[in-house]
Amino acid sequence: MASEEDIESFVGITGANRTAAERVLELCGSELEQAIQLWFTDEDLQRSLSNVGSSAAAATTAPASRLSRPNRPQIGREDAQGVIHIDSDDDDVPMTEDEADDGEEVASVARRAQEEEDAAMAKRLQDELFSGPAGADESSDAVRAPMARTTETLIGPSFGGEGDDDDAHAAVLEQMRRRQQARARPTNNPFAQSVWEDNSGAPGSASSGSGRASHLANLFRPPYDLMAQVSWDEARDEGKDSKKWILVNLQDTSIFSCQALNRDIWKDEAIKSLVRENFIFLQYDKNNMAAEQYLTFYFPNESHQNPDNYPHVSIIDPRTGEQVKVFSGSPFPNALEFHAQLAEFLDRYSLSENSKNPVSKAKRPERVVDVDRMTEDEMLEMALQNSLNANGGTKQPNIQDPDELTKSIGALAENGQPSTGSAGLAAGEPAASTPQESAFARIPSDRPHVEPPADPKTTTRLQVRNPPGRMIRRFRLDEPVSRIYEWLKAEPLPGKEGVEFELKSMPPNSADLIEHLDETIQKAGLANAVVMLEFIE
């Protein structure tokens, strides 16, 4: 219990009422300094104790008024032990008017005190929420910033019922695609048509108008009657079941030659008949979300952004997802040539289980040019060629046609397309040999190598590295490079008998040694060198 001196000191310093002083001193264990510090640091405590003190002061008037009123008459009887007995008839004792007034007055005082405390708490919370930053003038009418505007898209429930996550995901993708297509497109542009939305009858579209715009829109409209309106996975499943190839046309609507395919190729009746019978036709816009899966599989390193790869048409094996033929870049075959090449493809390839399709040969890596050994004229020609490529003089697509690797060099025409009758040549006739293959074939395989005695002036050790390990062999410096080939052909590695191989020197030269067969080992720079052995399989 706090002393009277501490209570008076607290009231004199803080200006609080006596009830509040007693409560705070009681909370702080009669420590005057701690109680004063608590009072000035906690504003909530000041408000609550001040309200309690005022309500308590108001409540003290109630007992005084009750003392002035007459007492309630004695009810029941008291025995010798002081126990009061009330008869059952007197259970419902009526409350006198004075008692009712006293209870209502006390309840009213308590209610007002609670309302004042709630109002103070609400004002404090309002000040905290709507006032400015800390340290700002409390008198300023700071207003909270308005909530930012947000836009959301409501996604409906899955169509297939409980647990149908695939349909829900497809619904989300479909709504996102429609939102993307809903962006404003110029209505007077006949080429601003979506390849996945048949809006030929939509009001306000170019095709629904009249005159020249309507004619152009009909002329360049995507082939909706030929396209399969299915997803990529569904197209593969359908192709497996119906034994049909997947024919994909990826378009860049900003390139006219892509739009020209809708006019010249996909409206040709012969091509449409061939495609309907043997292919599942898909047409994608490169910027559409539906093409994302195709771009991920068949356009690595963002190569779909290269305009030289368009127009782009490819044929996919639905069983394995392998891209077996590609038409990429300009010039694109005309309708007659494209029909002939599709027919040739169907003659060479089949989806029957017992058929054997052509196998792609390994593509030879490009020969690394040794600038140090080039003549002045060769260096000038290479610089001129690089300058033309940098300035767009010669643009080439970076998408390789896998079908070209199944054909022999002799079956290709000068423009890179198969010549007439190339299908029969590729299927049955032997392939013509390249100059490097002829040079390799001319190297005898019956001349094993015998190491000469060690002599630092006339011999050298040559290290040959291959995937399983490495081999070290001693040669004379005046022996030709062909002796290395003769040694490896006469003493092949286990399991590599008759397999063609390449020998390349390590950097900085990095040259293919097949081009230096007649040079001596010393002249070719192979003294104490390391040579890489690569098998072509």
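Residues numbered from 1 in each chain as written. Predicted model: local features only at pLDDT ≥ 70, side-chain atom pairs only at ≥ 80, totals over all residues. Heavy atoms only, no water.

### Examining the sheet that holds strand E5 (residues 312-316)
Stage number 1. Strand order in the open sheet made by the 4 strands is E4-E3-E5-E6, with mixed pairing throughout. Among the strands making up the open sheet, the edge pair consists of strand E4 (279-285) and strand E6 (323-328). Averaged over all adjacent pairs, the angle separating strand axes in this sheet is 15°, with direction ignored.
Stage number 2. Note that strand E3 (residues 245-251) and E5 share 5 bridges and pair antiparallel. Pairing of Asn 249 across the sheet is with Val 313, part of E5.
Stage number 3. Of the strands in this sheet, E3 and E4 are in contact with helix H11 (residues 269-278), which crosses E4 at around 110°. (Pairing = 2+ DSSP bridges. Helix = DSSP H or I, 4+ residues; strand = E, 2+ residues; numbered from the N terminus. Axes fitted to C-alpha atoms, helices over the stretch in contact; angles between N-to-C directions. Contact = heavy atoms within 4.5 Å.)

### Quick look at the packing of aromatic side chains
Stage number 1. Evaluated as defined, the whole model comprises 21 aromatic pairs.
Stage number 2. Three or more aromatic residues joined by ring pairs form one cluster here, namely Trp 232, Tyr 284, Tyr 294, Phe 297, Tyr 298 and Phe 299.
Stage number 3. We note Lys 489 situated over the ring of Phe 440; from NZ or CZ to the ring centre the distance is 4.4 Å.
Stage number 4. Sitting over the face of the ring of Phe 535, Lys 496 holds its NZ or CZ atom 5.1 Å from the ring centroid. (Phe/Tyr/Trp six-rings, centres within 6.5 Å; stacked < 30°, edge-to-face > 60°. Lys NZ or Arg CZ within 6 Å of the ring centre and 35° of its normal.)

### Some details on the pairing of E3
Stage number 1. The buried fraction of E3 amounts to 7 of the 7 residues, a majority that puts the element mostly inside the structure.
Stage number 2. Burial of the side chains of E3 extends over both faces: Trp 245, Leu 247, Asn 249 and Gln 251 are buried on one face and Ile 246, Val 248 and Leu 250 on the other.
Stage number 3. In terms of strand pairing, E3 meets E4 through 7 bridges, oriented parallel. Its bridge partner being in E4, Leu 247 is matched across the sheet by Phe 281. (Buried < 20%, exposed > 50% of the residue type's maximum accessible area, 1.4 Å probe, protein only.)

### Topic: unusual backbone geometry
Stage number 1. The omega torsion across Tyr 310 and Pro 311 is 0°, close enough to zero to call that bond cis.
Stage number 2. Here Pro 311 shows up in the loop between helix H12 (292-298) and E5.
Stage number 3. For the peptide bond that leads from Ser 330 to Pro 331, omega is 0°, which places it in the cis range.
Stage number 4. Positive phi, normally seen in glycine, also occurs at Lys 243, with a value near 55°.
Stage number 5. For Lys 243, the position within the fold is in the loop between helix H9 (232-242) and E3.
Stage number 6. By relative accessible area, Lys 243 is classed as partly exposed at 45%.
Stage number 7. Non-glycine residue Asn 528 carries a positive phi angle of around 55°.

All quantities given are derived from atomic positions and should not be read as evidence of function.
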